[in-house]
Amino acid sequence: RQVLRRVESERAGQFVEFDLVLVNGKEVVALEAKSVFTTNDVRNFLRRLALFRDAFPQYAPYRTLGGVAAMRFAGETDRFAHRQGLFVLRFAGGLMEIANPLNFRPKAF
């Protein structure tokens, strides 16, 4: 298992950065964290997430998942992120909690 912070890659002129990458041997989860997340932030993250396998070929055999974490989600941003197949983590009662429903199935990217 690995927890990697501020992971960066530049390949073929494409620069990508992820705030946190969690690796467990079968899956890798790339996370983006912000104090306030907007729908546009989610869209930008999804574009970078689509580049993950090319940017980090050592994780190509892994199932790649994504997630967003925020103190606050603007408007319906948390629901939008969930519908895109992302884990949604939000601040609640002094802790971070996974806000997806129990039957949530994350999308592999």
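Just above sits the structure.
Residues numbered from 1 in each chain as written. Predicted model: local features only at pLDDT ≥ 70, side-chain atom pairs only at ≥ 80, totals over all residues. Heavy atoms only, no water.

We now examine a nonpolar patch on the surface. A cluster of nonpolar side chains, Met-71, Phe-91 and Met-96, forms an exposed patch at the surface whose accessible area comes to about 300 Å². According to the relative accessible area criterion, Met-96 is partly exposed, its value standing at 42%. (Patch = residues over 30% accessible without salt bridge, like charges linked within 9 Å, V, L, I, M, F, W, Y side chains within 5 Å. Areas by Shrake-Rupley, 256 points an atom, 1.4 Å probe, with all protein chains shown as cover. Salt bridge = Lys/Arg side-chain N within 4 Å of Asp/Glu carboxyl O. Buried < 20%, exposed > 50% of the residue type's maximum accessible area, 1.4 Å probe, protein only.)

On to the environment of Ala-108. Looking at where Ala-108 falls in the secondary structure, it is placed in the segment after strand 6 (95-98). On the basis of relative accessibility, which here comes to 43%, the residue Ala-108 falls in the partly exposed class. Sequence spacing of Ala-108 and Tyr-62 is 46 residues, and the spatial spacing of their C-alpha atoms is 9.7 Å. For Ala-108, the contacting residues outside a window of four places in its chain are Arg-63, Thr-64 and Leu-65. (Helix = DSSP H or I, 4+ residues; strand = E, 2+ residues; numbered from the N terminus. Contact = heavy atoms within 4.5 Å.)

Below, the discussion takes up the sheet that holds strand 6. What the six strands build is an open sheet, ordered 1-2-3-4-5-6; its pairing is mixed. Strands at the two margins of the open sheet, each flanked by one partner only, are strand 1 (2-11) and strand 6. Strand after strand, the sheet turns through a mean of 35° between neighbouring axes, direction not considered. Bridge analysis of strand 5 (residues 87-92) against strand 6 gives four bridges, and the strand direction is antiparallel. Looking across to strand 6, one finds that Ala-92 is bridged to Leu-95. Helix-sheet contacts for helix 1 (residues 39-49) involve strand 2 (14-23), strand 3 (27-37) and strand 4 (63-73), and the interaxial angle to strand 3 is about 155°. (Pairing = 2+ DSSP bridges. Axes fitted to C-alpha atoms, helices over the stretch in contact; angles between N-to-C directions.)

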